[in-house]
Amino acid sequence: MAYKCVLSFLLITPYILHCTTAAVHSHNIDTIERESDGSYRARDYDHYTDAGHNLEFDHEAILGSVKEAEEYDKLSPEESQRRLAKLLPKMDINGDQYIDRKELKKWILNSFAKLSREEAQERLLEADENSDGLVTWAEYLHDTFGANDDEEVAPDDTGDTGMLVREEKKMWALADKNGDEMLDLEEFEVFSNPEEHEAMQPFLVSQTIRERDHNSDGRIDFKEYLGDRAASHDKAWLVSEQDKFSHELDLDGDGALGEDEVRRWIIPDNDEIAEEEVEHLFASADDDHDELLSFPEVLSHQHVFVGSEATDYGDHLLGDRFDDEL
């Protein structure tokens, strides 16, 4: 695909790369939810990558919707700024025309919840074969594996959650709060994103221990933590994992992970992720360093908070250093 780009002179950013085709956000519901070590993938897993800073995460953290973020990417800078300006009073809880850290964190956490609901809704629409707004286990099996019943699914097959099917079925029953053997949107969201729902986290911890605790002592030692991964890595990786296990995960230093330590290991902390995003956005936009984001400050850095047709492709093509180098 060809991109036609020209330098635009705008009031907001002196020089930005204008391209006629906006980039499409890469986040989607098919993203694998578990990392190679067995932990659940955090929402900000691709915020910073080897390729640099990914603005998509910032935009979704503000808009609370992948679809809406994609829509902003196609807007003109003027329309993008106009819509962002309408959001700011909603973020400003106390109405003082400034956004403080607590207000921004609360907004971001709410965005995470909206993103979780959006993901579940899109996934439900795919699995709900009779379009009744509910998903049965049979519909889920058919959509995920092309199977008509449990007998057609291999014991070592894994579903959308990265679990074995038998474990998924246990979690399905746990998510089915009213016991009608079908999941509505709220229940399906819990099933689809169990790591983000406190009621499901004890199950995830127990499931991880069942999966890895080969000596049946109720805990996970370093060898069990490594699992099959050790065979495909070198000594330097092994030393790095030993350091992580000993100094980040094994908090009581007894050589093994108990339930609380397993929880801290496998469950992403959205509160901590939101705090880090607040720190990033303030570092990017709090020009006068007064620990408050004024509406003009946010609008003058609109490319950080939301996308637009004029900025998105240029940011991905040249990175955050483009403005500085010009």
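Basis of the calculations
- Residues numbered from 1 in each chain as written.
- Predicted model: local features only at pLDDT ≥ 70, side-chain atom pairs only at ≥ 80, totals over all residues.
- Heavy atoms only, no water.
- UniProt positions renumbered as here; feature names shortened; annotations may be inferred.
- Helix = DSSP H or I, 4+ residues; strand = E, 2+ residues; numbered from the N terminus.
- Buried < 20%, exposed > 50% of the residue type's maximum accessible area, 1.4 Å probe, protein only.
- Contact = heavy atoms within 4.5 Å.
- Arc of directions from axis to C-beta.
- Salt bridge = Lys/Arg side-chain N within 4 Å of Asp/Glu carboxyl O.
- Axes fitted to C-alpha atoms, helices over the stretch in contact; angles between N-to-C directions.
- Parallel < 35°, antiparallel > 145°, perpendicular 65-115°, else oblique.
- Nonpolar A, V, L, I, M, F, W, Y, C, P; charged D, E, K, R; others polar.
- Phe/Tyr/Trp six-rings, centres within 6.5 Å; stacked < 30°, edge-to-face > 60°.
- Lys NZ or Arg CZ within 6 Å of the ring centre and 35° of its normal.

An unreviewed UniProt entry annotates the chain as Reticulocalbin-3 originating from Papilio xuthus. We quote the UniProt Subcellular location (unreviewed entry) comment for the chain here in full: "Endoplasmic reticulum lumen". For the chain, the Subunit (unreviewed entry) comment in UniProt is given as "Interacts with PCSK6 (immature form including the propeptide); probably involved in the maturation and the secretion of PCSK6."

Asks: Explain the UniProt feature "domain: EF-hand" (unreviewed entry) in the chain here, please?
Replies: With numbering matched to this structure, UniProt assigns "domain: EF-hand" (unreviewed entry) to residues 79-114. Its end C-alpha atoms 23 Å apart, residues 79-114 is made of 75% helix and 6% strand.

Asks: Is there a simple way to think about the side chain of S116 in this case?
Replies: With respect to the element layout, S116 can be found in helix α4 (residues 101-127). With relative accessibility at 1%, the residue S116 sits in the buried group. Among residues more than four places away in sequence, those in contact with S116 are R43, E189, N193, E196 and H197.

Asks: I would appreciate a short explanation of helix α6 (residues 165-175) in the present structure.
Replies: Residues that lie three or four places apart on an α-helix share one face, since the helix turns once every 3.6 residues. When we look at burial in α6, the residues that qualify are V165, E167, E168, M171, W172 and A175. Looking straight down α6, one finds its buried side chains confined to an arc of 150°; they lie on one side. Facing away from the buried side of α6 by more than 90 degrees, the exposed set consists of R166 and A173. Structurally, α6 contributes buried residues whose contacts are with β6 (135-136), α5 (137-145), β7 (182-183), α7 (185-192) and α8 (201-212).

Asks: What am I meant to see in the pattern of salt bridges here?
Replies: When the charged atoms of two side chains with opposite charge come close together, those side chains can pair. Inspection of every chain in the model, using the stated rule, returns 18 salt bridges. Its salt-bridge partner being E79, residue R82 comes within 2.7 Å of it at the nearest N-O pair. Residue R82 and its partner E79 are located together in helix α3 (residues 77-91), separated by three residues, close to a single helical turn. One salt bridge in this structure joins K105 and E275, with 2.8 Å as the shortest N-O distance. Residue K105 is located in helix α4, and its partner E275 is located in helix α12 (residues 270-285); the two are separated by 170 residues in the primary sequence. On the basis of relative accessibility, which here comes to 16%, the residue K105 falls in the buried class.

Asks: Explanation requested: the environment of H59 in the structure shown.
Replies: For H59, the location among the structural elements is in helix α1 (residues 55-63). Classification of H59 as buried rests on a relative accessible area of 2%. Along the primary structure H59 and F305 are separated by 246 residues, whereas in three dimensions their C-alpha atoms are 5.3 Å apart.

Asks: Would you mind showing me how to read unusual backbone geometry here?
Replies: With the exception of glycine, most residues fall at negative phi, and the peptide bonds are largely trans. Look at E181: it is not a glycine, yet its phi comes out positive at around 65°. One non-glycine residue with positive phi stands out, namely E291, at about 65°. Within the secondary structure, E291 is located in the loop between α12 and β10 (293-294).

Asks: It is not clear to me how the environment of R82 should be interpreted in this structure. Could you clarify?
Replies: Using a relative accessible area of 43% as the deciding quantity, one classes R82 as partly exposed. In sequence terms R82 and L299 are 217 residues apart; their C-alpha atoms lie 9.0 Å from each other.

Asks: I keep staring at the packing of α4 against α7 and nothing clicks. Help me out?
Replies: A pair of packed helices is captured by two measures, namely the crossing angle of their axes and the spacing between those axes. As a packed pair, α4 and α7 sit with axes 9 Å apart at the nearest point and diverge in direction by 105°. Viewed along their axes, α4 and α7 adopt a mutual orientation that is roughly perpendicular. Contact with α4, carried on its side by A113, S116, R117, A120, Q121, R123 and L124, involves L185, E186, F188 and E189 of α7 and no other residues of that element. Per-class residue counts for the contact of α4 with α7 are five nonpolar, two polar and four charged.

Asks: Would you mind going over the packing of aromatic side chains with me for this structure?
Replies: Between two aromatic rings, the relevant description is the distance of the centres plus the angle of the planes. In the structure shown here, the tally under the stated rule is eleven aromatic pairs. Pairing W137 with W172 gives two aromatic rings, centres 5.3 Å apart and planes at 70°, and the pair type is edge-to-face. Residue W137 is found in helix α5, and its partner W172 is found in helix α6; the two are separated by 35 residues along the sequence. With a relative accessible area of 10%, W137 lands in the buried category. Every member of this aromatic cluster is reached through a ring pair, and the members are W137, Y140, W172, F188 and F191. Over the ring of F203 we find R210, and its NZ or CZ is 5.5 Å from the ring centre. The ring of Y225 has R229 lying over it, and the distance from NZ or CZ to the ring centre is 5.0 Å.

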